[in-house]
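# Overview (structure and organization)
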Amino acid sequence: MSILKKLRQKKWFRILGNKYVLFLVIFTVWMVFFDTNSWFIHDELDDEIEKLEGNRAYFKEQIQQDRSQINKLKDSQELERFAREEYHMKKEGEEIFIIEYEDSLKLKEHE
């Protein structure tokens, strides 16, 4: 008996030799590895979507904080406080003393 006849008699060869099974295997391999919409690309895109949704949630929170800050700054006293704290502004004829705590001094020494 030739080798081809022996192979044709084996059960696994008959199953894999079926044209429908063969087509299904080739199609599956193609869709998982080679296609432009392959499983690997979908997995990468899903990870990217999750990352972007996390960024979206962070930026929505930042927008809410900024809106509340803007609403606070509509008050003239709040605006003055903000200018003094953030930009070290002062009124004319006024002296400002900046007090540095011991921890911040230690950090500056190590830098």
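Residues numbered from 1 in each chain as written. Predicted model: local features only at pLDDT ≥ 70, side-chain atom pairs only at ≥ 80, totals over all residues. Heavy atoms only, no water.

## Things to note about the overall build of the protein chain
What the protein chain contains, in helices and strands, is 6 helices and 0 strands. Tracing the protein chain from N to C terminus, the helices and strands come up as α-α-α-α-α-α. Counting only carbon and sulfur atoms, one obtains 59% of the accessible surface of the protein chain, whose full area is about 11,000 Å². (Helix = DSSP H or I, 4+ residues; strand = E, 2+ residues; numbered from the N terminus. Areas by Shrake-Rupley, 256 points an atom, 1.4 Å probe, with all protein chains shown as cover.)

## Some remarks on the packing of aromatic side chains
The full count for this structure, using the stated rule, is 4 aromatic pairs. With centroids separated by 5.1 Å and ring planes inclined at 70 degrees, the aromatic side chains of Trp 39 and Phe 40 adopt a geometry described as edge-to-face. Given a relative accessible area of 51%, Trp 39 falls into the exposed group. For Phe 40, a relative accessible area of 38% corresponds to the partly exposed category. (Phe/Tyr/Trp six-rings, centres within 6.5 Å; stacked < 30°, edge-to-face > 60°. Buried < 20%, exposed > 50% of the residue type's maximum accessible area, 1.4 Å probe, protein only.)

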